[in-house]
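So you can see what is in the structure, the chains are spelled out below.
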Amino acid sequence: MKIAVLTSGILPVPSVEGGAVENLIDFYLDYNDKHHQHDITIYSIFNPLVKRYQALQSSANHYRYINSNTLFAKIGKRIYRWIHGRSYYHDTIQYYLYRTISQMKKSSFDFIIVENRPGYIPLLSHEFPSTPIVLHLHNDLLNANTPNGKLIYDSTYRIITVSNYISQCVKTIDANSSKCITIYNGIDLNKFSPFNITVSASRSDYGLSDDDFLLVFSGRIIPEKGIKQLIEAMLLLNDYPKIKLMVLGSSFYGNNTYTTDFIQILKKKAEPLGNRLFFTGYIPYEKMPSMLAMADVAVLPSVWDEPFGMTCLEAMSMGLPLITTKKGGIPEIVSPGCGTMLSMSIESDFTIQLANQIIKFYNDRDMLMSMRQQALLNRQRYSKEVYAQSFLNAIS
């Protein structure tokens, strides 16, 4: 089949600037390149770094780029805003959609895949009324409260979600929906493997000793991820000087040095911990496995409903026992044998729960070894190949 894929309109494919959605697109494009199941045209924002990627030489996948940073593009955005007024998304995304549709009209497609942008669908269904549209939904962006939600829902042929939790959100529009199918995200198990670390990082690089009990937090440094509560839990562990915390990540995707007010508050709160807690800042994705490999336990205490929980999957794939929460799609991917999931209660109680669970893990190394073994068994369910094959089969 001939398939058109529309991205978020923000980050490029191949995923030269990171992005969970863009990485997952790379996975099924790579699988399609090897197996030639479909003829896929991917419409992406341009970035000069994509030119050096071998993926662009594929005979099964065709990359088409929209450059939104040229003078022509800036004028185009203004004209589009002047003609159409306020749109579903901001100017850069709407300009990407407008230019993509113009290019798509030069070809014909059997299917259109929209990656996590339900707001694209009304215009696409108007411009291509006979072409089935598949929405690949990574976040809670389509539910009974979504602007034009019923129209968007009715205009889709199929909705592929990353978790049953997201499917349930969609079904607030139609409880009897048969359009939704859950395809769990995948991961590159060759990269995220404790047995195959290609980029090295050692504890000594960060002033850590072998007998330190190292906790790791990875992800965006935003309130929803529970990092404030984790730091507060660390402040309750003054009697355990060997328990230390490494915080991996920045306030946004990609290599930026922007420090938010929230990060400043966290660093101030963490000052009494001294060298027991440190922020690494942005870590390139290729270095993440070796950073995770230094740790004893991953603590990922999300306080919002995670659509899936990719950081949990990355930690499990490295054989790390988990302390996380029963939020959103997390319980679907973290089996009890791989760690523990805390229930949310009032904030002060949750902080105490976190501290107590860390102490429990610190004192029971046999339990940690069992969890590590279970995590390494569980990881096989989430290979990028299983994900890509399931995704493309769902389209078929």
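Relevant structure appears above.
Because the structure is predicted, anything quoted here is derived from the model rather than measured. (Residues numbered from 1 in each chain as written. Predicted model: local features only at pLDDT ≥ 70, side-chain atom pairs only at ≥ 80, totals over all residues. Heavy atoms only, no water.)

A. Representation of the overall build of the protein in the model. Looking only at helices and strands, the protein features 14 helices and 13 strands. Relative to the compact-globule value of 21 Å for 396 residues, the protein shows a C-alpha radius of gyration of 22 Å, a close match. Taking the principal axes of the C-alpha coordinates as reference, the protein spans close to 65 × 40 × 40 Å. Partitioning the contacts of the protein with sequence separation of at least 6, the portion at a separation of at least 24 is 68%. Where the 38 positive side-chain charges of the protein centre and where its 34 negative ones centre are 6 Å apart. (Helix = DSSP H or I, 4+ residues; strand = E, 2+ residues; numbered from the N terminus. Rg over C-alpha atoms; globule rule 2.2 N^0.38 Å. Contact = heavy atoms within 4.5 Å. Lys, Arg positive; Asp, Glu negative; His and termini not counted. Charge placed at Lys NZ, Arg CZ, Asp CG, Glu CD.)

B. Structural detail: the sheet that holds strand E2 (residues 39–45). Read across the open sheet, the seven strands follow the order E3-E2-E1-E4-E5-E6-E7; overall the sheet is parallel. Every other strand in the sheet has two partners, leaving strand E3 (61–66) and strand E7 (180–182) as the edge strands with one partner each. Mean inter-strand twist for the sheet, computed between neighbouring axes without regard to direction, equals 20 degrees. In terms of strand pairing, strand E6 (residues 158–161) meets E7 through three bridges, oriented parallel. Residue pairing across strands places Ile160 opposite Ile181, the latter belonging to E7. Most of the contacts of helix H3 (residues 91–104) go to E3, to which it runs at about 130 degrees, and overall it touches strand E1 (2–6), E2, E3 and strand E4 (111–115). Strand contacts of helix H14 (residues 384–395): E1, E2, E4, strand E5 (133–137), E6 and E7, with the helix running at about 165 degrees to E6, the strand carrying the most contacts. (Pairing = 2+ DSSP bridges. Axes fitted to C-alpha atoms, helices over the stretch in contact; angles between N-to-C directions.)

C. Local environment of the nonpolar core. Counting residues in each nonpolar core, the largest one holds 122 residues, and the members touching the most others are Tyr28 and Leu124. In terms of residue count, the dominant contributor to this core is helix H1 (residues 20–35) (seven residues). In contact with Tyr28, not counting residues within four places along its chain, are Val5, Ile113, Glu115, Tyr387, Ala388, Phe391 and Leu392. (Core = buried A, V, L, I, M, F, W, Y, C linked by side-chain atoms within 4.5 Å. Buried < 20%, exposed > 50% of the residue type's maximum accessible area, 1.4 Å probe, protein only.)

D. A nonpolar patch on the surface, seen in detail. On the surface, Leu71, Ile75, Ile79, Trp82 and Ile83 cluster together into a nonpolar patch covering about 620 Å² of accessible area. Considering the arrangement of structural elements, one finds Ile83 in helix H2 (residues 71–84). We classify Ile83 as exposed; its relative accessible area is 54%. (Patch = residues over 30% accessible without salt bridge, like charges linked within 9 Å, V, L, I, M, F, W, Y side chains within 5 Å. Areas by Shrake-Rupley, 256 points an atom, 1.4 Å probe, with all protein chains shown as cover. Salt bridge = Lys/Arg side-chain N within 4 Å of Asp/Glu carboxyl O.)

E. Just helix H13 (residues 365–378), in detail. Along its 14 residues, H13 runs 20 Å from first to last C-alpha, staying within 8% of the 20 Å computed at 1.5 Å per residue. For H13, every residue scored as buried is listed here: Met367, Leu368, Met371, Ala375, Leu376 and Asn378. (Expected span 1.5 Å × (residues − 1).)

F. View of the side chain of Lys244. Inspection of the secondary structure puts Lys244 in strand E9 (residues 243–248). Residue classification places Lys244 among the buried residues on the basis of a relative accessible area of 9%. Side chain to side chain, Lys244 and Asp212 meet in a polar contact 3.3 Å long. (Polar contact = N/O pair within 3.5 Å; in protein donor to acceptor, adjacent residues only side chain to side chain.)

G. Molecular detail of the layout of surface pockets. Put simply, the second largest pocket is a space of about 220 Å³. Forming the walls of the second largest pocket are 14 residues, and the residues nearest its centre are Ala295, Asp296, Gly319, Leu320 and Arg372. Elements with a contribution of two residues or more to the lining of the second largest pocket: helix H9 (288–293) and H13. Here the lining of the second largest pocket is built from residues that sort into ten nonpolar, one polar and three charged. (1 Å grid on protein atoms, 1.4 Å probe; cavity = no way out; pocket = protein on both sides within 12 Å on 5 of 7 lines; lining within 4 Å. Points joined across faces, edges and corners; volume = space filled by probe spheres on them. Nonpolar A, V, L, I, M, F, W, Y, C, P; charged D, E, K, R; others polar.)

H. Layout of unusual backbone geometry. Looking along the chain, the bond that leaves Val13 and enters Pro14 is cis, with omega of 0 degrees. If you check the backbone angles, Asn116 has positive phi at about 65 degrees while not being a glycine. Tracing the sequence through the fold places Asn116 in the loop between E4 and helix H4 (121–127). The buried category is assigned to Asn116, whose relative accessible area is 9%. A positive phi angle, near 60 degrees, is found at Asn148, a position not held by glycine. You can see Asn148 is positioned in the loop between E5 and helix H5 (149–155). By relative accessible area, which is 48% here, Asn148 ends up partly exposed.

I. Focus on the packing of helix H7 (residues 227–234) against helix H8 (residues 261–270). Viewed as axis vectors pointing N to C, H7 and H8 meet at an angle of 5 degrees, and their least axial separation amounts to 10 Å. Relative to H8, H7 is oriented roughly parallel. Of the residues in H8, those touching H7 at Ile227, Lys228, Ile231 and Glu232 are Phe262, Leu266, Lys269 and Ala270. By residue class, the composition of the contact of H7 with H8 is five nonpolar, no polar and three charged. (Parallel < 35°, antiparallel > 145°, perpendicular 65-115°, else oblique.)

J. Up close: the packing of aromatic side chains. What the rule picks out here adds up to 13 aromatic pairs. Consider the rings of Tyr184 and Tyr382, whose centres lie 6.3 Å apart with planes at 70 degrees: the pair is edge-to-face. Taken together, the residues span a long stretch of sequence, with Tyr184 in the loop between E7 and strand E8 (213–218) and Tyr382 in the loop between H13 and H14 at a distance of 198 residues. Among the aromatic residues, ring-to-ring pairing joins Tyr28, Tyr387 and Phe391 into one connected group. The ring of Phe109 carries Lys2 above its face, with NZ or CZ at 5.6 Å from the centroid. The ring of Phe279 is capped by Lys267, whose NZ or CZ atom sits 5.7 Å from the centre of that ring. (Phe/Tyr/Trp six-rings, centres within 6.5 Å; stacked < 30°, edge-to-face > 60°. Lys NZ or Arg CZ within 6 Å of the ring centre and 35° of its normal.)

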